[in-house]
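Commentary on secondary and tertiary structure
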Amino acid sequence: MSNFFSSFLLIGTGLALTLKLLFGCFIIGLSLGTLLAILKFCKICVHVIDLFVSFLRGTPLLLQLSLIYFSVPGIFGVQLSVLSAGIIAFGINSSAYIAEILRAGIESIPNGQFEAAISLGIPKNRMWRDIIMPQVVKNILPALINEIVDLLKETALIATIGGMDIMRYSQIVGAAQFNYFAPLCIAAIYYYVLVSLITWISRLIERRTSYVKA
Amino acid sequence: MLKLKEVSKVFGEVVVLDHVSLSVAKSGILGLAGASGSGKSTLLRCVQGFEKPDSGEIECNGRVCFIFQDFQLFPHMNVLQNLVYAPDLKADGSARQKNEEKALALLKSLGLGDKANSFPALLSGGQKQRAALARSLMIDPDIILCDEPTSGLDVMSIADVISLLREVRSRGVTMVIASHDLGFLTEISEKVILLKNGRIVVEIDPKQHDDPSKLLTQYY
């Protein structure tokens, strides 16, 4: 039992890298995704962005991660750390999905909401900030939470380039004990609890942003 | 005061407005009748500037506000916030206080006094209609364009809308109302124009006829 407990703690040290990766790539994904979504409304940029997005969605994430970690030093002469390579690769990949989510969210707002704002003489910047975006954010929240959950699970790929995350620690503990079952189950518990936590927080937010308040 | 001169609008190959000319005097009510697709809504949308006419001129003095068939209240704001948001953009402390007082008085006069803190999703169709009207009155418009103000309302609510629009006119607001409901239109308007395929077919003064609705149906 004490063996299990010490494995549990040791694998838990991988939590730091997993969470750093998750926050880092979500922030990159959200900012780059927002930029892409806005640029998609510009007619000249749309083809370039479509190509970029289809590449990101059409190739394995493991390949994209390897491309950044193993080939950037050869091309640019800079050796990226495992963490920064992971944040860049996962962040850029997730930006493609977030851009699509945002675009669909903006298109889901009825034209009449824009027209009502114009008719009331509301300036464009305020219309986007106070009328359109609050509704978009509410509509896309479930899809966005889904993306965060996917992102969390995808961070486990960092183990393939030597990142010491939950996954990698569980493999190391398994190798040392000649028994993979318990360590991998422990890693599964960590991921599952994290996902449940994210889902719980999203429910709280959804309830708070519900329109139907008496 | 609103004047249209030879206004035309084409969508693809469909002529939606065909050299339409009309005028409405200050604090007058003009009714637009016609079947679906006759160009009523497009005419209103051109006056508001949502659509650009392909030819012709629109002359309108003063502020125009549009009331949508589906109201388009902002769903994430309560009724009071819906009313004060636009006027508050140009106001500070004490003026905002005044806006709020004005909005509450307006809501009270429209029978929505207890709905100030409700979200639009909780209002009935008639209540949403009144809230939308109140919201447009908050920006002191000179012209109000109403697209199908009675659609989906019951008989009692329609009677309310009629007395409400009369009350709005008495504040000096000019109105153009597009509707399928001939009984309602002939009751409220000084002048009713019947559109067919984007053209004005007939123009009547409902007060001059015994049964204006029946007269209009003959031209449909």
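Everything that follows concerns the structure shown earlier in this document.
Summarised in this report is the structure supplied together with it. All values derive from a computational prediction rather than experimental measurement.

So, how was this worked out
- Residues numbered from 1 in each chain as written.
- Chains lettered and ligands numbered in written order.
- Predicted model: local features only at pLDDT ≥ 70, side-chain atom pairs only at ≥ 80, totals over all residues.
- Heavy atoms only, no water.
- Helix = DSSP H or I, 4+ residues; strand = E, 2+ residues; numbered from the N terminus.
- Pairing = 2+ DSSP bridges.
- Axes fitted to C-alpha atoms, helices over the stretch in contact; angles between N-to-C directions.
- Contact = heavy atoms within 4.5 Å.
- Core = buried A, V, L, I, M, F, W, Y, C linked by side-chain atoms within 4.5 Å.
- Buried < 20%, exposed > 50% of the residue type's maximum accessible area, 1.4 Å probe, protein only.
- Buried area = accessible area lost by both parts, 1.4 Å probe.
- Salt bridge = Lys/Arg side-chain N within 4 Å of Asp/Glu carboxyl O.
- Polar contact = N/O pair within 3.5 Å; in protein donor to acceptor, adjacent residues only side chain to side chain.
- Left-handed = near helix turned anticlockwise from the far one by under 90°.
- Nonpolar A, V, L, I, M, F, W, Y, C, P; charged D, E, K, R; others polar.

Some details on unusual backbone geometry
In this structure, A:F178 is a non-glycine residue whose phi angle is positive, near 55 degrees. When you line up the elements, A:F178 lands in the loop between α8 (166-177) and α9 (181-208).

Regarding the sheet that holds strand β6 (residues 143-147) of chain B
Residue and element names in this part refer to chain B. Across the sheet, which stays open at both edges, the 6 strands sit in the order β5-β6-β7-β3-β8-β9 with mixed pairing between neighbours. Either end of the sheet is taken by a strand with one partner, and the two such strands are β5 (64-67) and β9 (199-204). With direction set aside, neighbouring strand axes in the sheet form an average angle of 20 degrees. Two strands pair when backbone bridges link them, and β6 and strand β7 (residues 174-178) are joined in this way by 5 bridges, in the parallel orientation. Counted as the bridge partner of D147 is A178 from β7. Sheet strands in contact with helix α1 (residues 40-48) are β3 (29-33), β5, β6, β7 and β8 (191-196), and its direction is about 150 degrees off that of β6.

Let's talk about the nonpolar core
Soluble, globular proteins show a tendency: their nonpolar side chains are buried together. With 82 residues, the main nonpolar core has A:I122 and B:L43 as its most contacted residues. With 12 residues, the single largest contributor to this core is helix α7 (residues 124-154) of chain A. Filtering out sequence-adjacent residues up to four positions away, B:L43 remains in contact with B:L4, B:L17, B:V20, B:L22, B:L32 and B:L195. Core analysis: the next-biggest nonpolar cluster, separate from the first, contains 43 residues, B:V79, B:V84, B:L153 and B:F184 among them.

Quick word on the interface of chain B and chain A
Contacts between the two partners involve 25 residues from chain B and, on the opposite side, 21 residues from chain A. Both sides of the chain B and chain A interface together cover about 1,900 Å² of buried area, and 67% of this is carbon and sulfur. When the buried surface of chain B facing chain A is broken down by residue, B:F74, B:H76 and B:Y85 rank first, second and third, together holding 27% of it. Summed over the shared surface of chain B and chain A, the number is 1 salt bridge. The residue B:R45 makes a salt bridge to A:E115 at a minimum N-O spacing of 2.6 Å. The interface formed by chain B and chain A holds 8 residue pairs in polar contact (both at pLDDT 80 or more) in total. For the side of chain B that touches chain A, the elements supplying multiple residues, two or more each, are α1, β5, α2 (79-88) and α4 (125-137) of chain B.

Some words on the environment of A:A99
Residue and element names in this part refer to chain A. Considering the arrangement of structural elements, one finds A99 in helix α5 (residues 82-107). For the pair A99 and A89, spaced 10 residues apart in sequence, the C-alpha separation works out to 16 Å. Apart from residues no more than four positions distant in its own chain, A99 is found in contact with G33, L36 and A37.

Concerning the packing of helix α1 (residues 2-12) of chain A against α8(A)
Residues and elements named next belong to chain A. Contact geometry of α1 with α8 gives a least axis separation of 9 Å together with a crossing angle of 145 degrees. Relative to α8, α1 is oriented so that their crossing is right-handed. Between α1 and α8, the residues in contact are N3, S7, L10 and I11 and I166, Y169, S170, V173 and Q177, respectively. Taken together, the residues that form the contact of α1 with α8 break down as 5 nonpolar, 4 polar and no charged.

Interpretation in functional terms is not warranted from these geometric data alone.
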